[in-house]
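Chain by chain, the residues run as shown.
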Amino acid sequence: MEKAQEWMNYGLELAKEFGPKLVTAILIYIIGSWIIKKITRTTGKVMSKSKYDESLQRFLLNLVSWALKIFLIIIVISRLGVDVTTFAAVIAAAGLAIGLALQGSLSNFAGGVLLMIFKPYRIGDLIEAQGVLGVVKEIEIFTTKLTTPQNKLAIVPNGAMANGNIINYTAEGKIRVDTVIGVGYGEDIKKTKEVLMNVLTSNPQVLQDPAPSVNVMELADSSVNFAVRPFCKPEDYWDVYFATYENSKIALDTAGIEIPYPHSVEIHKDA
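The sections below set out a description of the structure shown in this document. Only a predicted model underlies this, so the values are computations on that prediction, with no experimental measurement involved. (Residues numbered from 1 in each chain as written. Predicted model: local features only at pLDDT ≥ 70, side-chain atom pairs only at ≥ 80, totals over all residues. Heavy atoms only, no water.)

**Describing the side chain of Lys-145**
For step 1, the next point in the chain: Topologically, Lys-145 is positioned in strand 3 (residues 143–147).
For step 2, the next point in the chain: One polar contact links Lys-145 to Glu-140, side chain to side chain, over a distance of 3.4 Å.
For step 3, the next point in the chain: Beyond its immediate stretch of four places on either side in the chain, Lys-145 contacts Val-135, Val-136, Lys-137, Glu-138, Glu-140, Leu-153, Ala-154 and Ile-155. (Helix = DSSP H or I, 4+ residues; strand = E, 2+ residues; numbered from the N terminus. Polar contact = N/O pair within 3.5 Å; in protein donor to acceptor, adjacent residues only side chain to side chain. Contact = heavy atoms within 4.5 Å.)

Here it is in C-alpha cells:
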C-alpha cells in the first residue's frame, strides 16, 4: 500500500508540474495548425488575385507551410520545458547528418528553386526532359509531375530537370508536325503536292502562319517520299498528326494517285 501511495503521489506531482504545460502545448499546436491553414489559404488567394504563376504559387505555398510548421513545432517543444538552444544544437547536428545522407534530395530542392526562378516550363506546358514526354501537371519542391500521352504519371526529380536538357513544345505557341507520305514513281509530282497541300489547308487545326509545306524529301526504293509539314497549336499535335495521314490516304485514293506497298514484307514465324 505504501508503494502504491508513493507512486500515486509521484504521479500527482508530475501531473501538477507537467500537466498545464502539456495541455498548453496541445492547445498551441491545435490553434497554431489552424492559423497556419488560414495563413496558407489567405496567401494563396492573394497570389491568385495578383496573377502569380500557378507553379510558383504552389511552390511558395508549400515552402511557407513547411516553414510555419517547423516554427510551430519549436514553440510547442519550448512550451514543454525543453531548452530551445539545446534543441537547436541537436537539430543542427541532426540536420548536418541528414543533409549528408540526403544530398540528392537537397539537390532536388535546389533544382526546384532554380526552376521557379528561371521558369523553363510552366504547368500545362508540353515538354520533353530526362527521356520523358508529357504535359506538366505539377511542380513541387523536389519533383516535377508530368502526364504522358498514354495518360501515365511520370515523376522526375527537379535536380535532374534543372541540370538536364529540356525541350518545351508549348513555349513558342506553335509546333510543326513532321509526317512523310510516299507515292509511286509514275505519279505526277505537281498534282500530288496540290492534293497533299489541300489536305493541310482544309484542316481547321492546321495554322496558316507559319504556312504548311509539302516538298519532295526522298527518292526511296519503291516510292517518292514527300515531307508533309503542317504547323498547329501544341495541344492539337496528335489530332493533326493522325488526321494528316488519314486524310492524305483518302485524298490520294480519290485523286487516283498510287500509294505503293513496300518491296518486301518480313513475315516472322514461330520456330
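**Here we look at the environment of Tyr-121**
For step 1, the next point in the chain: Within the secondary structure layout, Tyr-121 lies in the loop between helix 4 (103–118) and strand 1 (126–129).
For step 2, the next point in the chain: By relative accessible area, Tyr-121 is classed as buried at 2%.
For step 3, the next point in the chain: Taking the C-alpha atoms as reference points, Tyr-121 and Thr-170, separated by 49 residues in sequence, lie 8.5 Å from one another.
For step 4, the next point in the chain: What Tyr-121 contacts, discounting residues up to four positions off in sequence, is Leu-115, Ile-127, Val-136, Ile-139, Thr-144, Asn-158, Met-161, Ile-166 and Asn-168.
For step 5, the next point in the chain: Engagement of the side chain of Tyr-121 in a polar contact is seen with the side chain of Thr-144, the distance being 2.8 Å. (Buried < 20%, exposed > 50% of the residue type's maximum accessible area, 1.4 Å probe, protein only.)

**With respect to the sheet that holds strand 9 (residues 224–229)**
For step 1, the next point in the chain: Across the sheet, three strands lie side by side as 7-9-8; this open sheet has antiparallel pairing. What marks the edges here is a single partner per strand, and that holds for strand 7 (179–183) and strand 8 (213–219). Averaged over neighbouring strand pairs, the angle between their axes works out to 30° when direction is ignored.
For step 2, the next point in the chain: With six bridges joining them, strand 8 and strand 9 adopt antiparallel strand pairing. Within strand 9, the residue paired with Glu-218 across the bridge is Asn-225.
For step 3, the next point in the chain: Across the sheet, helix 6 (residues 189–201) touches strand 7, strand 8 and strand 9, and the angle it forms with strand 8 is around 135°.
For step 4, the next point in the chain: On the sheet, helix 7 (residues 237–254) packs against strand 7 and strand 9 and is oriented at approximately 15° with respect to strand 7. (Pairing = 2+ DSSP bridges. Axes fitted to C-alpha atoms, helices over the stretch in contact; angles between N-to-C directions.)

**Considerations on the sheet that holds strand 1**
For step 1, the next point in the chain: Read across the sheet, five strands follow the order 4-3-2-1-5 without closing on themselves; strand pairing throughout is antiparallel. On the outer flanks of this sheet lie strand 4 (153–157) and strand 5 (166–168), each paired with one strand and no other. Averaged over all neighbouring strand pairs, the angle between strand axes comes to 40°, with direction disregarded.
For step 2, the next point in the chain: In this structure, strand 1 lies alongside strand 5, joined through three bridges in antiparallel fashion. Considered in strand 5, the bridge of Glu-128 is made with Ile-167.

**Brief notes about a nonpolar patch on the surface**
For step 1, the next point in the chain: Together, Leu-22, Val-23, Ile-26, Leu-27, Tyr-29, Ile-30, Ile-31, Trp-34, Ile-35, Ile-39, Val-64 and Leu-80 make up a nonpolar patch on the protein surface, roughly 1,100 Å² of accessible area in all.
For step 2, the next point in the chain: Sorting elements by how many residues they give to the nonpolar patch places helix 1 (residues 2–49) first, with ten residues.
For step 3, the next point in the chain: One can find Leu-27 in helix 1. (Patch = residues over 30% accessible without salt bridge, like charges linked within 9 Å, V, L, I, M, F, W, Y side chains within 5 Å. Areas by Shrake-Rupley, 256 points an atom, 1.4 Å probe, with all protein chains shown as cover. Salt bridge = Lys/Arg side-chain N within 4 Å of Asp/Glu carboxyl O.)

**Re helix 7**
Residues lying three or four places apart along an α-helix face the same way, a consequence of the helix completing one turn every 3.6 residues.
For step 1, the next point in the chain: Between its first and last C-alpha, helix 7 extends 26 Å over 18 residues, near the 26 Å set by a 1.5 Å rise per residue.
For step 2, the next point in the chain: Considered for burial, the residues of helix 7 that qualify are Tyr-237, Val-240, Ala-243, Thr-244, Ser-248 and Leu-252.
For step 3, the next point in the chain: Next to the buried residues of helix 7 lie strand 6 (175–176), strand 7, helix 6, strand 9 and strand 10 (231–232).
For step 4, the next point in the chain: Where helix 7 terminates, the next one or two residues include Gly-256, which has phi positive at roughly 75°. (Expected span 1.5 Å × (residues − 1).)

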